[in-house]
Structure formats: C-alpha cells, structure tokens
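# Architecture and fold: a report
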Protein chains: 2
Amino acid sequence: MKVFIEPIGKLINEFTKLPGVGAKTAQRYAYKIINMTESEAQDFANAILNVKKQVKYCTICGNFSESDVCDVCKNRPADVICVVKEPKDVIAIEKLNEFDGVYHVLHGTISPLDGIGPNDINIKGLLERIAKGGVKEVIMATNPDVEGEATAMYITSLVKPLGIKVSRLAHGIPVGTDLEYADEVSLARAFVDRKTL
Amino acid sequence: MKVFIEPIGKLINEFTKLPGVGAKTAQRYAYKIINMTESEAQDFANAILNVKKQVKYCTICGNFSESDVCDVCKNRPADVICVVKEPKDVIAIEKLNEFDGVYHVLHGTISPLDGIGPNDINIKGLLERIAKGGVKEVIMATNPDVEGEATAMYITSLVKPLGIKVSRLAHGIPVGTDLEYADEVSLARAFVDRKTL
C-alpha cells in the first residue's frame, strides 16, 4: 500500500516547492489543511489564485501593484529615486517609514556568470524616467554583494554624467552588534567609510 | 501607505495559519507563489481544494480514505487491530512496513481536562468491530503521554474481559514524543517488543 493516498501525497508535494520546506514540514502543513474547514481551505486556495491574478507590476517603477501605477508612484514626489533589485526590497524599505521618495525596481542585478547583462534588467526604464526631468538624486540600494555592487557601479557610470547626485546605502557594523562579533568585511568597510564627528 | 498590497497581505495571512509559520516565513512563501507560473499556482490551489474534497474517513477504521472503505481495511485480514489516536499515526506506522494488520483510529484520546470523555472518541466503533468476531489481538498504539496511557488502560479494561489479547507498544518510543515524530527504528522496535497487558 502506498503510504499517502493521492490527494494528500499531491498536497505534500506542492508544499515541498516552498523555500526551505522538506517532506516532514510539508506533511505537517498538509495535516493542517486537512483539519481546516471547507471554507478555510477555500480561502487559502483563493488567496493563492488571487495573488497571481491581481498582483501586477507598476508600469513606472516595476513594484508590485494592483493597478497600472502603484500607490507610491501615485502619491509621492518623484525627485528622489531609490533603485532596488526586487519588489520585496521595496517592502523591506517601506517598513522603515524612513524614505519618502519613489522606487525603481531592476528585477535582477548584472551577473555575467548567470548570463544576465545590463540589458536584461530594467536599467532602460530608469534612464527614461530620468530623461523626463525633475530627478535630483538616485539612491543605489542594491544588495551589498558582488552583483549588487557591480550593478550600482554600472548605473552610477550612466547617471552621474547627467549631473544627477548618485548615492549608495552606507555599509558598516550593524547597529546593536558587539564589535568583536561583527564580520570582518563589514568592520573593514566601517573603517573605510568612517564619519568625521 | 500600507506595506503589502491587499492580495499579498491576504496570502501572507493565510500562510501564517500553518503550524510554525511566522510573518517572515509566510512572506517568503508568498514571494515564491508570486514567482510561480499561473499554472503552477493553479496546481497548488487545486491540491488544497482536492484534499478537502477527496479525503474522507474510512467507515470501518476511521483512517484517511478516498472511498468509503480504505485500502487497508479492503486488503488485509482484520484479526489484529492497531488502535491509534489520529490518521497521521497510521501513516507513521505504514511507513515502517512492519505491521500487516488493520487499524482503528480513535480521533482523539480521553482527556478530562479538555472535556474529552470515552464517549467523545471512537471507542464504540472498536467494540462493534470486536463484537463481530474474528479479532485475536488489539494493539494499543496511542501516544505514550498521560492521555494516551489513560486511553490505553480504559480500552484494555473493556476489551480484555472479552478474552481478547491486548498489547501495548513497547517503550522503545522516547517518552513524551508524539508518535508521528518518533524515529523509525524506535517505532519499529516498539512494535516487535509490544507487551501483553
């Protein structure tokens, strides 16, 4: 006898497609679904379908949006543009309530090893937005890894000659970390980027 | 601005209903769904709906089943009945390929603190199966916790006077562990070493 009857086996298989979910965890999730009421399960399935149906990308900045233009692009002045790799980076920054400019989502970073060049990510859209005028500063908020740095450098080389201020998020020791436990790269960067008090 | 647009927020909320899933993990799962193709998301949603539609309980033993009588009850001699708390315990035991009798799922254990008495779990069904004759042994495989032990004792007190052998899984299972999480070797040993009560 097969251990799982077919519908349960299929659901477990679907759950293992989620990041970091193995067979045991998928099994626990499946039991939870089995023990839900019919309408709870329906809500769950609908949430999955709706997210595919209703989530589009903003035609201006490339962020997640329910309409053609996202709420950020609709409601905020477009003089400071924060450039990020993915829509989830926008969410991380929005949670801070610190930044009140607009975003530009590249949907990737330049990575020659993976065959991703400057034309494969949305740099063209950024240049078009800048060409329309009114942009005072571009903040490069790509990840502090090799691809993110390379992408930041490349975009800087295109935007700076246009006479627009380009900045990069500061690197250094995470706040609240003991100096002795900080990783060496961050600590070295903190020295290089030290501020005069 | 709200951080998540509505369909994403809803999906994250659904994922947090799964056991052990917090806001951050739910967010990662939601991103994964957003990045799936339409048809992959459809498959996922269908798996959830189908499990609710197609998974019934066997009318004989109470195990998960696609039809009125499960594959185990259909294909195996019913002379040895293994009594478990939940359908997922059947799956844990079936994985061993050690036991070739049939099951009886109580759908709970006696737990006075939670207001669950002997009449709230499927003991009646077990007694009816025994009354039909042909049962040689009843193996009590409830969890080795207070409720599981109490339930095993209670059922023993009903079944033993009928002249039927009643046994209990041996203490190869680490005490305090739920049956579904027990390692397979210990669980197999527990079957081999079962004691007559």
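Note that the structure is a prediction, hence the values are computed from the model and not measured. (Residues numbered from 1 in each chain as written. Chains lettered and ligands numbered in written order. Predicted model: local features only at pLDDT ≥ 70, side-chain atom pairs only at ≥ 80, totals over all residues. Heavy atoms only, no water.)

### Details of the sheet that holds strand S3 (residues 80–84) of chain B
Residue and element names in this part refer to chain B. Strand order in this open sheet of five strands is S4-S3-S5-S6-S7, and the pairing throughout is mixed. Two strands close off the open sheet at either side, each with one partner strand: strand S4 (102–105) and strand S7 (195–196). Note that S3 and strand S5 (residues 137–140) share four bridges and pair parallel. Of the residues in S5, the one forming a bridge with Val-80 is Glu-137. (Pairing = 2+ DSSP bridges. Helix = DSSP H or I, 4+ residues; strand = E, 2+ residues; numbered from the N terminus.)

### As for the sheet that holds strand S5 (residues 137–140) of chain A
Residues and elements named next belong to chain A. With parallel pairing, four strands are arranged side by side in an open sheet as S4-S3-S5-S6. The two strands at the open ends of the sheet, each matched to only one other strand, are strand S4 (102–105) and strand S6 (165–168). The sheet shows a mean angle of 25° between the axes of neighbouring strands, taken without regard to direction. Two strands pair when backbone bridges link them, and S5 and S6 are joined in this way by four bridges, in the parallel orientation. Residue pairing across strands places Glu-137 opposite Lys-165, the latter belonging to S6. Contacting strand S3 (80–84) and S4, helix H5 (residues 87–94) runs over the sheet at an angle of about 155° to S4. The strands that helix H6 (residues 123–131) touches are S3, S4 and S5; relative to S4, the one it contacts most, it runs at about 145°. (Axes fitted to C-alpha atoms, helices over the stretch in contact; angles between N-to-C directions. Contact = heavy atoms within 4.5 Å.)

### Things to note about the domain arrangement of chain A
The domains assigned to chain A are domain 1 (6–54) and domain 2 (70–167). Placing the centre of domain 1 of chain A and that of domain 2 of chain A at their C-alpha centroids yields a distance of 35 Å. (Domains from an automatic or database assignment.)

### With respect to the packing of aromatic side chains
Overall, the coordinates contain 12 aromatic pairs over all chains when judged by the stated rule. Here the aromatic rings of Phe-99 of chain B and Phe-191 of chain B are separated by 5.5 Å at their centres, their planes lie at 45°, and the arrangement is tilted. Taken as a pair, Phe-99 of chain B in the loop between helix H5 (87–94) and S4 and Phe-191 of chain B in helix H8 (residues 184–192) lie far apart in primary sequence, 92 residues in all. Residue Phe-99 of chain B is classed as buried on the basis of its relative accessible area, which comes to 10%. With relative accessibility at 3%, the residue Phe-191 of chain B sits in the buried group. Every member of this aromatic cluster is reached through a ring pair, and the members are Phe-15, Tyr-29 and Phe-44 of chain A together with Phe-15, Tyr-29 and Phe-44 of chain B. (Phe/Tyr/Trp six-rings, centres within 6.5 Å; stacked < 30°, edge-to-face > 60°. Buried < 20%, exposed > 50% of the residue type's maximum accessible area, 1.4 Å probe, protein only.)

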